[in-house]
Amino acid sequence: DDLIVPADRQEEGAAINERARRGEQFVTKGKRQTTDGIRDFRIRAIPVDSDAERTEGWVAYTDVTEQRERESQLRRTKRRYRRVVEQNLFGIYILKDGVIEYANPRAAEIFGYEPDEMEGRQALGVVAEPDHDSLRRNIDQVQAGDIEELHDEHTGVRKDGTTFDFEFHSAVIE
């Protein structure tokens, strides 16, 4: 057992042994001291044979320290991005195939909606009808890869039906 679970983690070792005695295949996580310091591991146990005195099986350790660090960094980056976008004074929205996938609170406010009311709405639904052809051309050009950035003006339509002029800058994000 000392090879699988260090002496200072006997409780963890007893739990692993009990699950293995029951014939349970499982994956758990744990920390282990290595020559590089304390590392995070995914521990996979596969019991093969068990009786009252001993349990035989396979235990595989996978060092997931770097993966966990990357995941943590990604979560921090997403939180920072969300703060910048959500608290921005400009309206920001993301379109995919002409449908609003995301609208920050300011964009929703400009159009008179709640952010979740904007999501899933056709972009044409928030632009005045005379500007539909222009907006369709813009969307088609972006989707075709003909342009990566766009600056244009349209007449917007709020939820209550009132119209207003707005200017937008658009860029392809992947």
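In what follows, the structure referred to is the one given above.
Participant: Quick rundown of the side chain of asparagine 138? Include the residues and the values.
Facilitator: Looking at the secondary structure, you find asparagine 138 in helix α5 (residues 132–144). Setting aside anything within four residues of it in sequence, one finds asparagine 138 in contact with Ile147, Leu150, Asp152, His154 and Phe168.

Participant: Quick one: what's the story with a nonpolar patch on the surface, residue by residue and with numbers?
Facilitator: Together, Ile46, Val48 and Trp58 give the surface a local cluster of nonpolar side chains, amounting to about 340 Å² of exposed area. Note that tryptophan 58 resides in strand β3 (residues 55–63). Residue class for tryptophan 58 comes out exposed when judged on its relative accessible area of 63%.

Participant: Describe the nonpolar core, and please don't skip the residues or the numbers.
Facilitator: Among the nonpolar cores identified, the biggest contains 16 residues, and Phe111, Met118, Val126 and Phe166 are the most heavily contacted of them. Residue assignment for this core shows that the elements contributing at least two residues are β5 (99–103), α3 (105–111), α5 and β7 (163–171). In contact with phenylalanine 166, other than residues within four places in its own chain, are Tyr93, Phe111, Val127, Asp152, Glu153, His154, Thr155 and Gly156.

Cut-offs and rules
Residues numbered from 1 in each chain as written. Predicted model: local features only at pLDDT ≥ 70, side-chain atom pairs only at ≥ 80, totals over all residues. Heavy atoms only, no water. Helix = DSSP H or I, 4+ residues; strand = E, 2+ residues; numbered from the N terminus. Contact = heavy atoms within 4.5 Å. Patch = residues over 30% accessible without salt bridge, like charges linked within 9 Å, V, L, I, M, F, W, Y side chains within 5 Å. Areas by Shrake-Rupley, 256 points an atom, 1.4 Å probe, with all protein chains shown as cover. Salt bridge = Lys/Arg side-chain N within 4 Å of Asp/Glu carboxyl O. Buried < 20%, exposed > 50% of the residue type's maximum accessible area, 1.4 Å probe, protein only. Core = buried A, V, L, I, M, F, W, Y, C linked by side-chain atoms within 4.5 Å.

Nothing here speaks to function; it is geometry throughout.
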